[in-house]
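Fold and contact review
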Amino acid sequence: MLPPPASRRLRILAFDPSLATRLETATINEIVVEVPWEEKLGPGPMGEYVEVVDCDPASGVAYRPVDLNHPHLLARDGHAPSESNPQFHQQMAYAVAMTTIRHFERALGRAALWADRRTRTPGGGYARQFVRRLRIYPHALRDRNAYYSPEKKAVLFGYFPVTWRDAYNTPGTLVFTCLSHDIIAHEVTHALLDGVHPRFNEPTNPDVRAFHEAFADLVALFQHFSYPAVLESQVRRTRGSLDTESLLAQLAHQFGRATRRGSALRDALGHVDEATGEWRPRLPDPGALDGTLEPHARGSVLVAAVFRAFVLIYRARAADLFRIATQGTGTLPEGEIHPDLATRLAAEAAWCADRVLQMCIRAIDYCPPVDITFGGFLRAVVTADADYAPDDPAGFRIVFIQSFREWGIYPRGVTSMGLDALVWPRGAELLEDLAAAGAPPEADLRAGLRQLAGRTVQRWNLENDRYGVWKDLNRGRAALRAWLRASERGRHYARLFGLVMDVGDAPPTVFRARGEPAVEVHAARPALRRTLGGGVRTDLVIEVTQRRRGYFDPGLQRRADAGGAPPPPHDFVYRAGCTVLVDPVTAEVRRVIRTPGTIADDGELERVRRFLAGDLGGCGNAFDAGLPASLSAAVQPRDEPFALLHRMEDG
């Protein structure tokens, strides 16, 4: 009996349909990708991770689901690209979604899990439900929009008619967002990030929403570099200079032009000058974030900083090839570059892009569970890469620091932008302070944590059923929560993690459980990673948060914090907490990533209050302000933040 194949080959569009009808790009736009083979893949397609449901409410039809196991489709690598064939739309959405999921699983070393569905219990609490599949609706909306729905655990794609005429658009034709590689990858990344950090949907500073958009853009952009034919074509066209205008740094060409932007929806390297129609590079600007609050515009600064880091890394690694090709002059002769040089440069660009993408994805396990900032993400990238490649002979971390500094991105509360100041602290460093304050020795503290960590990861690996993994992780979460609350060792570790566990230290506005400050162990998930040196490291990633009632009226906040009466209904929730990385074998606390303040920190509570009240130069929550009445009535901001965010950008 023959074993099943390792992968399934499917045809997709590398960008979108608009490039398929232009002579210079038609030959590179149709490509074949390999996605993981799913033995039980059903019509839809419906597999282990995603389910494509092709209903079109606006037209009142349901399209026949594609069966990718049909022998004819297996022989042809699926349907040929087509704007008029709904089954190709289904195939395209599935293939790009699975490609994106594979990037995440490779970087994080674990099976991807979608965010839990939370339902109210009769007692007023919440119950978690496992979400096996992300639903994908290729024709959900007749609108210039596409978005991930945290409420539905689904990605909804829209389509719309072109209403104006130029060299790229024909009035009356339809634009399908489910045929844009970049839009699919972007929205699926929103869903994957929500599965790791659901609290990143709660805006507490200007960077939170912007980070979600920037991170999704980065994944979509760097996936371009994993397609060899596309990459070699652009290397030849730019003569190896990837900091000039190219398709590789641009997102959603058809959507951008069809919505009268004149070019791609976003460009990591530059923009088209409206007056001249010429492309101009975007130079690093340390003041770019000042006064920039709109999430897409603010997120574009983070994208530019990461992409510049990639360009600098690529230049350094390709310098020897240019010296050889130019006999040391550094100036290429006129005309096309040699095919062998293009192949070698493309290989370097692909390696650098993959390395940068993996650095960015690995970093999400090193972020605090709430209140993410661009500076915090820089610290996460630097720390995660320090654990992955301690020596860093190529200076990748230095390049990231340089690029972020040039774009004015830096963390709060650090004494310098040096590597030693940016890496998150090790548990041993913080345990020394605890020991000085009378805590038991580190060896004694580790005993209980070793037992808990080993129990959480003992049955976990990439081959296990995802539902079984989810149940194991839930049991681990419950055990950790009980240990932190009831065990003397656990309470000492809670202090290490920056948690407030003593009743006397927590204001009455802090949420309680059985009379004591409550803790939410949001995650206790393993991560299995292969380091640059070839070793394998397993970590237990723990995320713990606490909640406190917040009030827009400072006087009411002071009275509620003073106690004496039950706290009145709150206006917002202030959260604080930490992410902790633990070695499950030795129980060493390798990294502790705290939010800037504890749950009892009045200064941090005031900062969040001012942001949500709009005192920082604009409305703190861009999803709640400035919306047309018809739009506000159609979609509730807190239920569907990404729907409104993308709709506002379009408007």
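Residues numbered from 1 in each chain as written. Predicted model: local features only at pLDDT ≥ 70, side-chain atom pairs only at ≥ 80, totals over all residues. Heavy atoms only, no water.

Turning next to the overall build of the protein. Helix and strand counts for the protein stand at 20 helices and 21 strands. With 651 residues in all, the protein has 57% of them scored as buried. If you take every contact in the protein between residues at least 6 apart in sequence, the share linking residues at least 24 apart comes to 67%. As displayed, the protein has an accessible area near 27,200 Å², and 52% of this comes from carbon and sulfur atoms. (Helix = DSSP H or I, 4+ residues; strand = E, 2+ residues; numbered from the N terminus. Buried < 20%, exposed > 50% of the residue type's maximum accessible area, 1.4 Å probe, protein only. Contact = heavy atoms within 4.5 Å. Areas by Shrake-Rupley, 256 points an atom, 1.4 Å probe, with all protein chains shown as cover.)

For the rest of this paragraph, the subject is helix H3 (residues 86–108). When the terminal C-alpha atoms of H3 are compared, their 33 Å separation across 23 residues agrees well with the 33 Å that a helix rising 1.5 Å per residue should span. Most of H3 sits out of view: 21 of its 23 residues are buried. With a side-chain oxygen lying 3.0 Å from the backbone nitrogen of glutamine 87, the N-terminal cap of H3 falls on asparagine 85. Remark: glycine 109 follows H3 within two positions and exhibits a positive phi of approximately 70°. (Expected span 1.5 Å × (residues − 1). Polar contact = N/O pair within 3.5 Å; in protein donor to acceptor, adjacent residues only side chain to side chain.)

Tallying each qualifying case throughout the model produces 22 aromatic pairs. Centroid distance phenylalanine 130 to tyrosine 467: 5.2 Å. Interplanar angle 45°. Geometry classified as tilted. Linking phenylalanine 130 in the loop between strand S7 (126–129) and strand S8 (134–141) with tyrosine 467 in helix H15 (residues 466–486), this pair joins segments that are 337 residues apart in sequence. Residue classification places phenylalanine 130 among the buried positions, given a relative accessible area of 17%. Residue class for tyrosine 467 comes out partly exposed when judged on its relative accessible area of 34%. In this structure an aromatic cluster arises from ring pairing among Phe104, Phe200, Phe211, Phe215 and Phe377. (Phe/Tyr/Trp six-rings, centres within 6.5 Å; stacked < 30°, edge-to-face > 60°.)

Okay, the confidence of the model for the protein next. When the pLDDT values of the protein are averaged, the result is 87; 90% of them are 70 or greater. Element-level pLDDT for the protein is lowest in helix H19 (residues 629–634), with a mean of 34, against a maximum mean of 98 in strand S3 (residues 50–52). Taken together, the stretch residues 617–636 has pLDDT below 50 and engages in 33 contacts with residues farther than four places along the chain or on a different chain. (pLDDT = per-residue confidence, 0-100.)

In spatial order, the strands read S18-S19-S20-S21; together these four strands make up an open sheet with antiparallel pairing. The open sheet has two edge strands, strand S18 (520–530) and strand S21 (589–594), and neither has a second partner. Ignoring strand direction, the axes of neighbouring strands in this sheet form an average angle of 20°. Strand contacts of H15: S18 and strand S19 (536–550), with the helix running at about 120° to S18, the strand carrying the most contacts. Along the sheet face, helix H18 (residues 602–612) touches S19 and strand S20 (572–582) and points at about 120° away from the line of S20. (Pairing = 2+ DSSP bridges. Axes fitted to C-alpha atoms, helices over the stretch in contact; angles between N-to-C directions.)

Let's shift gears to unusual backbone geometry. With an omega of 0°, the peptide bond running from glycine 44 to proline 45 counts as cis. Structurally, the position occupied by proline 45 is in the loop between strand S2 (30–36) and S3. At aspartate 371, a residue that is not glycine, the phi angle is positive and equals roughly 60°. Structurally, aspartate 371 can be placed in the loop between helix H9 (339–363) and helix H10 (374–388).

Each pair of packed helices can be summarised by the angle the axes make with each other and by the distance between the axes. Running from N to C, H3 and helix H5 (residues 207–223) cross one another at 105°; their axes reach a closest spacing of 11 Å. One finds that H3 runs roughly perpendicular with respect to H5. The segment H3 lies against H5, with Val96, Thr99, Thr100, His103 and Phe104 engaging Phe215, Val219 and Gln223. Residue composition of the contact of H3 with H5, by class: four nonpolar, four polar and no charged. (Parallel < 35°, antiparallel > 145°, perpendicular 65-115°, else oblique. Nonpolar A, V, L, I, M, F, W, Y, C, P; charged D, E, K, R; others polar.)

Of all seven residues in strand S1 (residues 7–13), five are buried, a share of seventy percent or more. Pairing analysis gives seven bridges linking S1 to S2, with the strands arranged antiparallel. Bridging from a neighbouring strand, isoleucine 12 pairs with isoleucine 31 of S2.

This brings us to the side chain of glutamate 38. For glutamate 38, the position within the fold is in the loop between S2 and S3. For the buried glutamate 38, no salt bridge exists, and the shortest N-O distance to an oppositely charged side chain is 6.7 Å, to arginine 8. Beyond its immediate stretch of four places on either side in the chain, glutamate 38 contacts Arg8, Gly47, Glu48, Tyr49, Tyr94 and Met98. (Lys, Arg positive; Asp, Glu negative; His and termini not counted. Salt bridge = Lys/Arg side-chain N within 4 Å of Asp/Glu carboxyl O.)

What follows concerns the packing of H5 against helix H8 (residues 295–325). Across the interface, H5 lies against H8 with an axial gap of 7 Å and an inter-helix angle of 45°. One way to sum up the angle between H5 and H8 is to call them oblique. In this structure, H5 crosses over H8, and the sense of that crossing is right-handed. Here Asp207, Arg209, Ala210, Phe211, Glu213, Ala214, Asp217, Leu218, Leu221 and Phe222 of H5 lie close against H8, whose contacting residues are Pro295, His296, Arg298, Gly299, Leu302, Val303, Val306, Phe307 and Phe310. (Left-handed = near helix turned anticlockwise from the far one by under 90°.)

Residue placement: proline 43 occurs in the loop between S2 and S3. The spatial distance from the C-alpha of proline 43 to the C-alpha of asparagine 69 is 8.2 Å, given a sequence separation of 26 residues. Beyond its immediate chain neighbours, meaning those up to four positions away, proline 43 contacts Pro65, Val66 and Asp67.

On to H5. The terminal C-alpha atoms of H5, which comprises 17 residues, lie 24 Å apart, in line with the 24 Å expected from a rise of 1.5 Å per residue. Taking burial as the measure, the 17 residues of H5 include 17 buried ones, the bulk of the element.

Moving on: the pattern of salt bridges. For the structure shown, the criterion picks out 40 salt bridges. When the shortest N-O distance is used, the salt bridge between arginine 9 and aspartate 77 registers 3.3 Å. Linking arginine 9 in strand S1 with aspartate 77 in the loop between helix H2 (71–75) and H3, this pair joins segments that are 68 residues apart in sequence. Exposure remark for arginine 9: the relative accessible area of 41% places this residue in the partly exposed category. Residue aspartate 77 is classed as buried on the basis of its relative accessible area, which comes to 16%. One salt-bridge network, held together by shared partners, links Asp116, Arg128, Arg199, Glu202, Glu520 and Arg575.

As for its position among the elements, valine 196 is in helix H4 (residues 181–196). Valine 196 gets classed as buried once you look at its relative accessible area, which sits at 8%. Put simply, valine 196 and leucine 113 are 83 residues apart on the chain and 7.8 Å apart in space, counted from C-alpha to C-alpha. Other than its neighbours up to four places away in sequence, valine 196 contacts Arg110, Ile364, Asp365, His522, Arg525 and Glu543.

Turning to the side chain of arginine 607, a few remarks are in order. Position of arginine 607 relative to the elements: it lies in helix H18. The class of arginine 607 is buried, set by a relative accessible area of 19%. Once you skip the residues sitting within four places of it in the chain, arginine 607 turns out to touch Thr204, Asn205, Asp371 and Arg412.

So, on to the environment of leucine 179. On the secondary structure map, leucine 179 appears in the loop between strand S11 (174–176) and H4. C-alpha separation for the pair leucine 179 and alanine 93, spaced 86 residues apart in sequence, amounts to 7.3 Å.

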